[in-house]
Amino acid sequence: MTAEDAQALVLGGNDPGALNLYGLQEGSEKSLRQKGQGIVANVNTGHFFAVRKENGKWTSYDSYNHSAPKKYNSFEELKKAEIGNSPLYVM
C-alpha cells in the first residue's frame, strides 16, 4: 500500500487501529476459530465486516457484498471466499 493510500484509508475512517478502541485486537485464524466471532479488516480496500460461527456454520455479515448474511459450511470455505490474507480482529 502506498503512503497516499494509507493516508486516504485513515482519513476515510477505515483505520484498523480504530478497532482497538472497541477492545478488539489483531489476532490469528486460531483465535478467531476459538472465539467464534470477529472482524475481517481488508486493508487493501478499506472495508471491514463481521464474521461469526452460528449453529456450526460460519456467517459473513458483509452488507457491502451481500444483501443478507451469507453462511459457509466451514471456516475454510469462508476464508477462501471472503477472508483471504486480510487481518483478523477478535475480542
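What counts as what
Residues numbered from 1 in each chain as written. Predicted model: local features only at pLDDT ≥ 70, side-chain atom pairs only at ≥ 80, totals over all residues. Heavy atoms only, no water. Helix = DSSP H or I, 4+ residues; strand = E, 2+ residues; numbered from the N terminus. Buried < 20%, exposed > 50% of the residue type's maximum accessible area, 1.4 Å probe, protein only. Contact = heavy atoms within 4.5 Å. Areas by Shrake-Rupley, 256 points an atom, 1.4 Å probe, with all protein chains shown as cover. pLDDT = per-residue confidence, 0-100. Core = buried A, V, L, I, M, F, W, Y, C linked by side-chain atoms within 4.5 Å. Pairing = 2+ DSSP bridges. Axes fitted to C-alpha atoms, helices over the stretch in contact; angles between N-to-C directions. Arc of directions from axis to C-beta.

Draft legend 1. Spotlight on the overall build of the protein. Secondary structure assignment for the protein yields 3 helices and 6 strands. Walking the protein from its N terminus toward its C terminus, one meets helices and strands in the order α-β-α-β-β-β-β-α-β. Evaluated residue by residue, the protein yields a buried proportion of 33% over its 91 residues. For the protein, long-range pairs separated by at least 24 residues make up 45% of all intrachain contacts whose partners lie at least 6 apart in sequence. Carbon and sulfur atoms form 49% of the exposed surface of the protein, whose accessible area is close to 5,900 Å².

Draft legend 2. Representation of the confidence of the model for the protein. Overall, the predicted model of the protein reaches an average pLDDT of 86, with 85% of residues at or above 70. No element of the protein has a lower mean pLDDT than helix α1 (residues 3-11), at 66, and none a higher one than strand β5 (residues 70-72), at 97.

Draft legend 3. Summary view of the nonpolar core. If you look at the biggest cluster of nonpolar residues, it comprises 11 residues: Leu32, Val40, Phe49, Val51, Trp58, Tyr72, Phe75, Leu78, Ile83, Leu88 and Val90. For this core, the secondary-structure elements that each account for two or more residues are β3 (47-54), α3 (75-83) and β6 (88-90). Beyond its immediate chain neighbours, meaning those up to four positions away, Leu88 contacts Gln25, Glu26, Gly27, Ser28, Glu29, Leu32, Ile39, Val40 and Ile83.

Draft legend 4. Molecular detail of the sheet that holds β6. Taken in spatial order, the 6 strands make up an open sheet running β1-β6-β2-β3-β4-β5, and their pairing is antiparallel. Only two strands of the sheet have a single neighbouring strand rather than two, namely β1 (25-27) and β5. Strand-to-strand twist of the sheet, defined as the mean angle between neighbouring strand axes without regard to direction, takes the value 35°. Inspection of the sheet shows strand β2 (residues 37-42) paired to β6 by 2 bridges, in the antiparallel sense. Bridging across to β6, Ile39 finds its partner in Tyr89. In this fold α3 packs onto β2, β3, β4 (57-61), β5 and β6, with an angle of close to 130° to the strand it touches most, β5.

Draft legend 5. Fine view of α3. Buried within α3 we find Phe75, Leu78, Glu82 and Ile83. Mapping the buried residues of α3 onto a view down its axis gives an arc of 70°, with all of them on the same face. Exposed positions of α3 whose direction lies more than 90 degrees from the buried face are Lys80 and Ala81. Remark: Gly84 follows α3 within two positions and exhibits a positive phi of approximately 60°.

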